[in-house]
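The chain contents come next:
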Amino acid sequence: KAEIEPDHLDEALNFLAGKQNAEGHFGINWYYYCTHYYLMRPAVAALADYGNYAAVAKARDFVLARQRPDGSWFSRVDGFHGEPSVPELQTALALATLAHAGMDAGEPPVRRAIDWLLARRRPDGSWFGGRYPYPETESYRSFRATQDVFTTAQVLAAFNYLEQI
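Our subject in this report is the structure included herewith. (Residues numbered from 1 in each chain as written. Predicted model: local features only at pLDDT ≥ 70, side-chain atom pairs only at ≥ 80, totals over all residues. Heavy atoms only, no water.)

Re the nonpolar core
Inference 1: Counting residues in hydrophobic clusters, the biggest one holds 39 residues, and the most contacted among them are Y37, V63 and L95.
Inference 2: Those elements that place two or more of their residues in this core are α1 (9-19), α2 (37-49), α3 (53-65), α4 (87-100), α5 (108-120) and α6 (148-164).
Inference 3: In terms of residue count, α4 provides more of this core than any other element does, 8 residues in total.
Inference 4: Ignoring anything within four residues of it in the chain, the contact list for Y37 reads F62, V63, R66, W73, Q90, L93, A94 and T97. (Core = buried A, V, L, I, M, F, W, Y, C linked by side-chain atoms within 4.5 Å. Buried < 20%, exposed > 50% of the residue type's maximum accessible area, 1.4 Å probe, protein only. Helix = DSSP H or I, 4+ residues; strand = E, 2+ residues; numbered from the N terminus. Contact = heavy atoms within 4.5 Å.)

Regarding the environment of Y33
Inference 1: Locating Y33 in the fold gives a position in the loop between α1 and α2.
Inference 2: For Y33 and L16, which are 17 residues apart along the polypeptide, the C-alpha to C-alpha distance reads 20 Å.
Inference 3: Non-local contacts of Y33, meaning those with residues more than four positions away in its chain, are made with Y38, S85, L89, Q90, Y132, P133, Q147 and F150.

Quick look at α2
Inference 1: Spanning 13 residues, α2 covers 18 Å between terminal C-alpha atoms, matching the ideal 18 Å at 1.5 Å per step.
Inference 2: When we look at burial in α2, the residues that qualify are Y37, M40, R41, A43, V44, A45, L47 and A48.
Inference 3: In this fold, the buried residues of α2 make contact with α1, α3, α4 and α6.
Inference 4: Positive phi shows up at G51, right after α2, with a value of about 85°. (Expected span 1.5 Å × (residues − 1).)

Following this line, the structure appears as structure tokens:
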């Protein structure tokens, strides 16, 4: 272990907790994959690692309240008219957020998410990632980046983290 102590740790943690809104998330925008969970996953990991459990609990409750009955997560950005990120990616990020919040694979919401993701795995072992959610504007019209690699990596990382807790 490297034993690295960040300078101004309390200030950094207060910054993160201060950016969390009353609902429990840290914002949503198209450039954050059109999902709350892109920012939540690393923020919750850092807050949990350094013991800010009140912020972690608020984030966990936000995520749990938005799980769909089939076990997945999916949200949209108001006013965004492009393709949002796909449920596979949003579910992987939400699942990792719950894992960093201390939930394990035996808890029903986590198990439903795992089962949903496993059912969506493709024959080559990957998960569909859709395209990066660029807005439908002239400047982005010809640029479409598929997200299968990113999504597959996020699913595997979430599963691996769940195996460790």
